[in-house]
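Commentary on secondary and tertiary structure
If you want the building blocks of each chain, they are given just below.
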Amino acid sequence: MTLDLSRTYRTAILVVLLLIVTVGCAGPATTPAAGQPATADACRPPVKGFAVTTDADGKPLPKASTTEQPGPDPHTLTGPATATLSDHAIHPVVASSEPKLPVDVKSCDGKQVQVKDVSRIIPVDLYGTLAEIVFSLGLGDKVVGRDTSTGFPEAAKLPKVTPSAHDLNAEAILSLDPTVVLTDKSIGPPEVIEQLRASGVPVIFFSDARTMDGMPSQIRAVAAALGVPERGEELVKRTAEEISTSLALAPASGKPLRMTFLYIRGSAGVYLMSGPGSGADAMIQAIGGIDTGTDIGLDKTFVPLTSEALIRAQPEVIIVMTEGLKSVKGVDGLLKIPGIGQTPAGQRQRIIDMNDTELLGFGPRTGRTVAALAKAVYTP
């Protein structure tokens, strides 16, 4: 019997190709099998230069052409101003998909948490950022409780679970029968978290850093943990576009203004000056200013305010939270703090205040925050 070797080789090649196609169609090894939970990391690394020099994946943004807008010299302006968002509302992304559950989540505190139900969510942190993200993801109707800092209109009627300032109350939380609690280390006390977990409530920790660079990672982490990663990508894209548009409001040329952020609570005797990593430095940079805390060499996010530091910093603009300004009885009271009167900002009363729940939240409304702050500083 004579063998047709060419035909045999052709058959072998076809078999190998068929195997390759079959294996390829099975998808990547990280794809969960049917019925298996998806996985999510709540502690994703930041994206350096997000919306300023890079996109949400760290790729360089094209250089935008800027047209200098005529206006007053910001170094000659006098008097205080309030930065106000043109729109305080939360605008959810289009609900393109239903939550895909369960999700196994690696919490920022090292715990492995499984989310099986997102019908009763409680997002809590010092800034109200997590709640803002949840609402922006189109899951606001699933939120059953809020913290003190969650101040946007859509959440106003929700019961507070921080009845005493920013401290969580376990009984207040458990009475709302949450199916998942989203939080970070900016709020506590830790005993409450332990009590919640002991009761069986899934508690997920996210990064407590509030920076421009951390925004896309935070949005993606929350979206993945709640089973809506596609909505997260949509929200990241929209947020980046809004920030990029707002950045264009800062002057493209000229000597940058020196700006200082002060955290003040007069009734509690708290007077702090911000430094690198405070979040305020990122906002000041975003509107084209020089963060004086960084410039004079502070090595902490916040340090006790001293007249020596203020005089050395020589800010031309001082930024404060609205409630902080009220706590010292307004601009007149602020100017009585030692050192402020000896700065260009104090002499010209260039004090800019902004709502406590909006200034350093670094959530999906940050584009609007940058725009409001830039307008108050440059065109009051």
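Located above this text is the structure these notes cover.
Description of the structure in this document. Please read these numbers as outputs of a predicted model, since none were measured by experiment.

Focus on the pattern of salt bridges
Scanning the entire structure with this criterion turns up eleven salt bridges. Across the salt bridge formed by Arg-220 and Asp-57, the nearest N and O atoms sit 3.0 Å from each other. In this pair, Arg-220 sits in helix α5 (residues 215-225) while Asp-57 sits in the loop between β1 (38-41) and β2 (81-83), placing the two residues 163 residues apart along the sequence. Across the pair Asp-109 and Arg-197 runs a salt bridge whose closest N-O atoms are separated by 2.7 Å.

Structural notes on the sheet that holds strand β4 (residues 112-115)
On the basis of which strands lie adjacent, the open sheet formed by three strands has the order β1-β3-β4 and mixed pairing. Both edges of this open sheet fall to β1 and β4, since each of them pairs with a single strand only. On average, each strand axis in the sheet is tilted by 25 degrees relative to the strand beside it, whichever way the strands run. Here four bridges tie β1 to strand β3 (residues 103-106), and the two strands are oriented parallel to one another. Across the sheet, the residue bridging to Ala-40 is Val-105, located in β3.

Overview of the packing of helix α2 (residues 129-139) against α5
Two numbers describe a pair of packed helices, the interaxial angle and the distance between the axes. For the pair α2 and α5, the least separation of the axes is 10 Å and the interaxial angle reads 65 degrees. For the element pair α2 and α5, the recorded crossing hand is right-handed. Residues Leu-130, Ile-133, Val-134 and Leu-137 of α2 lie in contact with α5, whose contacting residues are Gln-218, Ile-219, Val-222 and Ala-223. Here the contact of α2 with α5 is built from residues that sort into seven nonpolar, one polar and no charged.

Considering the nonpolar core
Ranked by size, the top nonpolar core spans 72 residues in total, and within it Leu-182, Ile-204 and Leu-226 carry the most contacts. When residues of this core are assigned to domains, at least three fall in each of domain 1 (74-87 + 251-379) and domain 2 (103-227). Formed by 20 residues, the second largest nonpolar core is a distinct cluster that contains Met-273, Val-320, Val-331 and Leu-334.

Some remarks on the environment of Ala-221
If you trace the backbone, Ala-221 turns up in helix α5. Between the alpha carbons of Ala-221 and Ala-40 there is a distance of 6.9 Å; along the sequence they are 181 residues apart. If sequence neighbours within four positions are ignored, Ala-221 has contacts with Asp-41, Ala-42, Arg-44 and Phe-206.

Observations regarding the sheet that holds strand β6 (residues 180-183)
Sheet architecture is open: three strands sit in the order β5-β6-β7, paired in parallel fashion. The open sheet has two edge strands with one neighbour each: β5 (121-123) and β7 (203-205). Shown here is a sheet whose adjacent strand axes are inclined to one another by a mean of 15 degrees, direction ignored. Two elements, β6 and β7, share three bridges in a ladder whose sense is parallel. Opposite Leu-182, over in β7, you have Ile-204 as the bridge partner. Packed onto the sheet, α2 meets β5 and β6 and runs at close to 140 degrees relative to β5. Of the strands in this sheet, β6 and β7 are in contact with helix α4 (residues 190-198), which crosses β7 at around 140 degrees.

A look at the pairing of strand β13 (residues 351-354)
Here β13 shows no split at all, with Ile-351 and Asp-353 on one side and Ile-352 and Met-354 on the other all buried. Note: β2 against β13, three bridges, orientation parallel. If you follow Ala-81 over to β13, its bridge partner there is Ile-352. As paired strands, strand β12 (residues 317-321) and β13 are joined by four bridges and run parallel to one another. Looking across to β13, one finds that Ile-319 is bridged to Ile-352.

A look at α4
Those residues of α4 not exposed but buried are Val-192, Ile-193 and Leu-196. For α4, the buried positions fall inside an angular range of 100 degrees around the axis, keeping them on one side. Every exposed residue of α4 that faces more than 90 degrees away from the buried side is listed here: Pro-190, Glu-191, Glu-194 and Ala-198. Residues of α4 that are buried sit in contact with α3 (170-174), β6 and β7.

Brief notes about the packing of aromatic side chains
Following the criterion strictly, the structure yields three aromatic pairs and no others. The interplanar angle of 75 degrees and the centroid separation of 5.0 Å between the aromatic rings of Phe-135 and Phe-152 together place this pair among those described as edge-to-face. You can see Phe-135 sitting in helix α2 and its partner Phe-152 sitting in the loop between α2 and α3, a full 17 residues away along the chain. For the residue pair Phe-135 and Phe-152, the accessibility class agrees, reading buried in each case. Between Tyr-263 and Phe-302, the aromatic rings sit 6.5 Å apart at their centres with planes inclined by 65 degrees, giving edge-to-face as the arrangement.

Criteria and thresholds
Every residue gets a number counted from 1 within its own chain, in the order that chain's sequence is written. This being a predicted model, a pLDDT of at least 70 is required before a residue's local features are given, and a value of 80 or more before pairs of side-chain atoms are given or counted; all residues contribute to the totals for chains, interfaces and linings. Side-chain numbers here rest on the full set of heavy atoms in the structure, without hydrogens or water. Here a salt bridge means any side-chain nitrogen of Lys or Arg lying within 4 Å of a carboxyl oxygen belonging to Asp or Glu. Numbering of helices and strands runs from the N terminus, with a helix taken as a DSSP run of H or I at least four residues long and a strand as a DSSP run of E at least two residues long. Strands pair, by our definition, only if DSSP identifies at least two bridges between them. Axes here mean lines fitted to C-alpha atoms, for a helix over just the part in contact, with angles spanning 0 to 180 degrees between N-to-C directions. Here a crossing is taken to be left-handed if its near helix is turned anticlockwise relative to the far helix by less than a right angle, and right-handed if that turn runs clockwise. We call two residues in contact when some of their heavy atoms are within 4.5 Å. Throughout, the ten residues Ala, Val, Leu, Ile, Met, Phe, Trp, Tyr, Cys and Pro are labelled nonpolar, Asp, Glu, Lys and Arg are labelled charged, and all others, Gly among them, are labelled polar. Grouping buried Ala, Val, Leu, Ile, Met, Phe, Trp, Tyr and Cys residues that are joined through side-chain atoms within 4.5 Å yields what is termed a nonpolar core. Working definition: with a 1.4 Å probe on protein chains only, accessible area under 20% of the residue-type maximum means buried, over 50% means exposed, and in between means partly exposed. Segmentation of the chain into domains, including their bounds, is taken from an automatic or database domain assignment. Working definition: the arc comes from the directions between the helix axis and the C-beta atoms, pointing outward to the latter. Aromatic rings from Phe, Tyr and Trp, taking only the six-membered ring of Trp, are treated as a pair when their centres fall within 6.5 Å; an angle between ring planes under 30 degrees marks them as stacked, one over 60 as edge-to-face, and anything in between as tilted.

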